[in-house]
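Residue-level structural notes
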Amino acid sequence: MKISQADKWFSKLIREGAFWICQRCGIISEEGRATGGDRAMQCSHFISRQYKSVRLDSNNALCLCASCHAHVEKDPSLHCDLYDSINGAGLREIVSQKKWEVMKPVGGWKAYEKEAAKFYKVQYEEARECRKDGVMGVIDIINFN
């Protein structure tokens, strides 16, 4: 599946929002904290990115190291347990139902993704500024729509 600019900025924001800490094992990416990028720390979608209605929804994403991401992808029940321990079973049900919503953005998908990319890039840059100002811990993410 092709990675769009919206996917790129959303992923960076999820990882920055979690302060580059794996939400499963707790490992910290110092490279991510320093540079804003580390391929070893990943944005893990609970519901597959193929479902556009939840693809860019922060309630559908966790920050995981590559090892933990691979581990939970192989075991759906473990993925559910991890999601529930962080966000709660109620939110999991909401996200699971939302995946079936049909989205038809005004102007089409390309325009939607372009605006989402801008939105998440600005939010990411603001989060990086907060880090420079000494903000630690989780930074809440505002969803595009």
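1. A word on helix H7 (residues 109-132)
- Under the 1.5 Å per step criterion, the end-to-end length of H7 is 34 Å for 24 residues, consistent within 8% with the ideal 34 Å.
- Taken as a whole, H7 has its buried residues at Tyr-112, Ala-116, Ala-117, Tyr-120, Gln-123, Tyr-124, Ala-127, Arg-128 and Arg-131.
- In this fold, the buried residues of H7 make contact with helix H1 (5-17) and helix H2 (30-35).
- Looking at the residues trailing H7, positive phi occurs at Gly-134, about 95°.

2. A closer look at the side chain of Ser-53
- Mapped onto the elements, Ser-53 comes out in helix H3 (residues 52-55).
- You can call Ser-53 buried: its relative accessible area is 7%.
- A distance of 3.2 Å separates a polar side-chain atom of Ser-53 from the backbone oxygen of Lys-99.
- Setting aside chain neighbours within four positions, we find Ser-53 in contact with Lys-98, Lys-99, Trp-100, Glu-101 and Met-103.

3. Digging into the environment of Ile-3
- You can see Ile-3 is positioned in the segment before H1.
- Put simply, Ile-3 and Arg-49 are 46 residues apart on the chain and 9.9 Å apart in space, counted from C-alpha to C-alpha.
- In this structure, Ile-3 is in contact with Lys-8 and Arg-49, ignoring residues within four places of it in sequence.

4. Description of the nonpolar core
- Counting residues in hydrophobic clusters, the biggest one holds 26 residues, and the most contacted among them are Phe-10, Ile-14, Cys-22, Met-41, Leu-56, Leu-64 and Tyr-120.
- Listed by contribution, the elements that provide at least two residues to this core are H1, strand S1 (41-45), strand S2 (61-65), helix H4 (66-74) and H7.
- Looking at this core element by element, the count peaks at six residues for H7.
- Core analysis: the next-biggest nonpolar cluster, separate from the first, contains five residues, Ile-47, Val-54, Tyr-83 and Val-95 among them.

Rules used in this analysis
Residues numbered from 1 in each chain as written. Predicted model: local features only at pLDDT ≥ 70, side-chain atom pairs only at ≥ 80, totals over all residues. Heavy atoms only, no water. Helix = DSSP H or I, 4+ residues; strand = E, 2+ residues; numbered from the N terminus. Expected span 1.5 Å × (residues − 1). Buried < 20%, exposed > 50% of the residue type's maximum accessible area, 1.4 Å probe, protein only. Contact = heavy atoms within 4.5 Å. Polar contact = N/O pair within 3.5 Å; in protein donor to acceptor, adjacent residues only side chain to side chain. Core = buried A, V, L, I, M, F, W, Y, C linked by side-chain atoms within 4.5 Å.

Read these as spatial facts, not as claims about activity.
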